[in-house]
Amino acid sequence: MAITRETLSLGEARRVALGAQGLNRPSVVATPGLGPAALARSVAGRGLLQIDSIQVLARAHLVPTYSRHGAYDVAALERASGRGPRRLVETWAHEASIVPVGTYPLLAVRRRRAEEYAWGGISSVARTHPEVVARVLELVGELGPVTAAGVQAAIEDEHPRGARTEWGWNWSVAKRCLELLLTTGGVAVAGRTPTFERLYDLPSRVLPAEVLAAEPDDATCVRGLLEIGARAHGIGTAACFRDYFRLRGPLVDAAFAELVADGTLRPVAVRGWDAPTYLHRDATLPGSARASTLVSPFDPLVWFRPRLEALFGVTYRIEIYTPAARRTFGYYALPLLVGDRFVARLDLRLDRRAGAVEVLGAFHEPGRAPGTRERPVADLPGVVHAELARLGAWLGAERVVVPEDARGDLVSALRVAP
């Protein structure tokens with residue numbers, strides 16, 4: 001049901017946000033029938049899946065679907081994005097991401113403005129070594145789908161992998177050229193190898209002709225991407241919606257004004273959120289929020305930290321790049337969502353050889369959802385154990401282990417809980 005009120009409480013705003021992300025419903029043990037088509041629809045509902053190579057537990061793009069659907073067959077995601085006809089495709093979006101194929105034309109604004117959006121100086125390769133970029137593109141046409149290592153092998157004599165040159169970083173020449181070509185749309189991602197290497201190919205062999213033929217102008221692209229972010233968030237500030245696809249520049253302000261003018265976005269006052277806030281016209285206010293699930297640090301619900309703090313009272317920092325001695329919650333701490341609050345953080349690791357989920361740290365969430373009274377979760381250790389068992393079943397782990405050196409104020413209770 002559409003929301004007609006002009007003022008919401010923070011609790012109601014949280015439920016709007018959870019509903020938009022499909023995280024308001026009770027968690028399920030498994031959704032075994034989540035095939036490529038259904039999975040693509042799920043991804044479309046939240047706009048994208050962010051990719052990250054960290055696999056201490058499970059790769060980042062796999063966990064958001066688990067958080068919403070329970071155990072599912074990850075091979076369905078590989079089929080949807082790695083085999084034709086594709087429903088999903090990997091490209092640059094929020095960061096490296098998997099998006100619905102229909103969103104690819106809207107990302108042309110990023111491809112056309114590579115100087116603005118490319119990171120690490122990739123865009124300079126086109127100016128400094130255009131002949132090498134052209135050769136790499138030619139090799140993709142000959143060899144694709146092909147990894148960066150495969151292309152590098154073909155040019156190794158001219159550009160040795162280990163040479164210290166002006167190319168910089170630890171990337172090979174081939175890798176840097178391929179990333180430039182991916183950023184500008186010269187190549188596309190055909191899938192990933194079992195070792196998670198990108199497979200590059202010509203866009204004409206990855207994407208449908210009608211998708212490649214679509215050429216929306218920059219203003220149309222920005223408006224479309226901003227609207228997807230607003231729908232996926234349900235409620236938020238202009239900065240929240242802009243961040244979804246990391247949009248930049250004056251076109252964003254113009255697109256935002258258009259979305260407000262045509263009623264796609266509507267101003268709403270949220271008591272306790274001290275910022276101009278807007279509702280997407282498709283947003284709904286669920287009567288309750290009943291999920292109990294772990295959420296990836298790369299989940300759209302939590303990735304924009306100012307929004308997470310304003311809505312849920314949670315200050316979150318991923319500590320992968322923090323020296324071990326200075327970490328507060330651990331290398332890869334996942335927030336635990338129960339209802340409309342984050343109540344704990346668990347630093348987890350999957351021991352694949354032993355078939356166990358290791359709890360390296362377990363902490364009560366230090367923050368409190370703004371606008372609420374203190375409402376302790378009944379039997380939080382039991383809730384945590386149930387979630388770890390559900391997670392372990394999806395990951396193929398038969399045991400949950402709490403090592404002797406595990407840290408956190410929840411650890412002792414987890415050791416004695418059934």
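Values in this document were obtained by computation on a predicted structure and should not be read as measured data.

Caption draft 1: A look at the overall build of the chain. What the chain contains, in helices and strands, is 17 helices and 14 strands. Expected size for 418 residues packed as a compact globule is a radius of gyration near 22 Å; at 22 Å, the chain falls within 12% of this value. Each of the three principal axes of the chain carries a C-alpha extent, and together these read 65 × 55 × 40 Å. Within the span of the chain, comprising 418 residues, buried residues form 56% of the whole. Taking as baseline every contact in the chain between residues at least 6 positions apart, the subset at least 24 positions apart corresponds to 68%. On the chain, roughly 18100 Å² of surface is accessible, and the fraction owed to carbon and sulfur atoms is 53%.

Caption draft 2: Examining the sheet that holds strand β1 (residues 7-9) more closely. In spatial order, the strands read β1-β8-β9-β7; together these four strands make up an open sheet with mixed pairing. Looking at which strands have only one partner, the edges of the open sheet turn out to be β1 and β7 (235-236). Taken together, the two bridges between β7 and strand β9 (residues 277-280) define a ladder with antiparallel strand orientation. Bridging from a neighbouring strand, glycine 236 pairs with tyrosine 278 of β9. Packing against the sheet, helix α1 (residues 10-20) makes contact with β1, β7, β8 (265-271) and β9, and its axis sits at approximately 90° to β1.

Caption draft 3: Region of the structure containing the nonpolar core. Counting 72 residues, the largest nonpolar core has Tyr332 and Leu348 as its most contacted members. Among the elements that line this core, the one with the most residues is helix α10 (residues 173-184), at seven residues. Non-local contacts of leucine 348, meaning those with residues more than four positions away in its chain, are made with Val56, Leu57, Leu294, Tyr332, Val357, Glu358, Val359, Leu388 and Leu391. In this structure, Val16, Val101, Ala289 and Leu337 belong to the second largest nonpolar core, which totals 63 residues.

Caption draft 4: Region of interest: the sheet that holds strand β3 (residues 88-92). Taken in spatial order, the three strands make up an open sheet running β2-β4-β3, and their pairing is antiparallel. In this open sheet, the two edge strands, each paired with only one partner strand, are β2 (49-50) and β3. Sheet topology note: the β3/strand β4 (residues 96-100) ladder contains five bridges and is antiparallel. Considered in β4, the bridge of leucine 88 is made with proline 100.

Caption draft 5: Local environment of the packing of aromatic side chains. With the rule as written, the count across this model stands at seven aromatic pairs. With a centroid separation of 4.8 Å and an interplanar angle of 15°, the aromatic rings of tyrosine 66 and tryptophan 394 are classed as stacked. Taken together, the residues span a long stretch of sequence, with tyrosine 66 in helix α3 (residues 63-69) and tryptophan 394 in helix α16 (residues 380-395) at a distance of 328 residues. For tyrosine 66, a relative accessible area of 1% corresponds to the buried category. Judged by its relative accessible area of 12%, tryptophan 394 is buried. Ring geometry for tyrosine 244 against phenylalanine 245: centres 6.0 Å apart, planes inclined by 55°, an arrangement best described as tilted. By relative accessible area, tyrosine 244 is classed as buried at 0%.

Caption draft 6: The arrangement of helix α15 (residues 305-312) in detail. Every buried residue of α15 is listed here: Arg307, Leu308, Leu311 and Phe312. Buried positions in α15, seen along its axis, are confined to an arc of 100° and lie on one side of it. For α15, the secondary structure elements touched by its buried residues are α1, α12 (218-233), β7, α13 (238-244) and β12 (341-351). Immediately beyond the C-terminal end of α15, within one or two residues, lies glycine 313, with a positive phi of roughly 70°.

Caption draft 7: Layout of the pairing of β3. When you tally the buried positions in β3, you get five out of five residues, the bulk of the element. Alternating residues of β3 divide into Leu88, Glu90 and Trp92 and Val89 and Thr91, and every residue in both groups is buried. Following β3, the chain reverses through three residues before pairing antiparallel with β4.

Caption draft 8: Just the side chain of threonine 264, in detail. Turning to its location among the elements, threonine 264 is positioned in the loop between α14 (250-261) and β8. Residue threonine 264 is classed as buried on the basis of its relative accessible area of 2%. At a separation of 2.7 Å, a polar atom in the side chain of threonine 264 contacts the side chain of aspartate 262.

Caption draft 9: View of the packing of α1 against α15. The interhelical angle for the contact between α1 and α15, taken along N-to-C directions, is 135°, at an axis separation of 9 Å. Of the possible angle classes, the one that applies to α1 and α15 is oblique. In this structure, α1 uses Leu10, Ala13, Arg14, Ala17 and Leu18 to contact α15, whose residues at the interface are Arg307, Ala310, Leu311 and Phe312. Split into classes, the residues belonging to the contact of α1 with α15 amount to seven nonpolar, no polar and two charged.

Caption draft 10: Examining α16 more closely. Look at α16: 22 Å from first C-alpha to last across 16 residues, which is about the 22 Å you get at 1.5 Å a residue. Counting buried residues along α16, 12 of its 16 residues qualify, which places the element largely inside the surrounding structure. When α16 is considered as a whole, its buried residues turn out to be Leu380, Pro381, Gly382, Val383, Val384, His385, Glu387, Leu388, Arg390, Leu391, Gly392 and Trp394. One or two steps after α16, the chain reaches glycine 396, where phi turns positive at roughly 80°.

Caption draft 11: Representation of the packing of α1 against α12 in the model. At a minimum axis separation of 6 Å, α1 and α12 run at an interaxial angle of 115°. Facing α1, whose interface residues are Val16, Ala17 and Ala20, α12 presents Arg231, Ala232 and His233. Across the contact of α1 with α12, the residue classes tally to four nonpolar, one polar and one charged.

What counts, and where the lines are drawn
- Residues numbered from 1 in each chain as written.
- Predicted model: local features only at pLDDT ≥ 70, side-chain atom pairs only at ≥ 80, totals over all residues.
- Heavy atoms only, no water.
- Helix = DSSP H or I, 4+ residues; strand = E, 2+ residues; numbered from the N terminus.
- Rg over C-alpha atoms; globule rule 2.2 N^0.38 Å.
- Buried < 20%, exposed > 50% of the residue type's maximum accessible area, 1.4 Å probe, protein only.
- Contact = heavy atoms within 4.5 Å.
- Areas by Shrake-Rupley, 256 points an atom, 1.4 Å probe, with all protein chains shown as cover.
- Pairing = 2+ DSSP bridges.
- Axes fitted to C-alpha atoms, helices over the stretch in contact; angles between N-to-C directions.
- Core = buried A, V, L, I, M, F, W, Y, C linked by side-chain atoms within 4.5 Å.
- Phe/Tyr/Trp six-rings, centres within 6.5 Å; stacked < 30°, edge-to-face > 60°.
- Arc of directions from axis to C-beta.
- Polar contact = N/O pair within 3.5 Å; in protein donor to acceptor, adjacent residues only side chain to side chain.
- Parallel < 35°, antiparallel > 145°, perpendicular 65-115°, else oblique.
- Nonpolar A, V, L, I, M, F, W, Y, C, P; charged D, E, K, R; others polar.
- Expected span 1.5 Å × (residues − 1).

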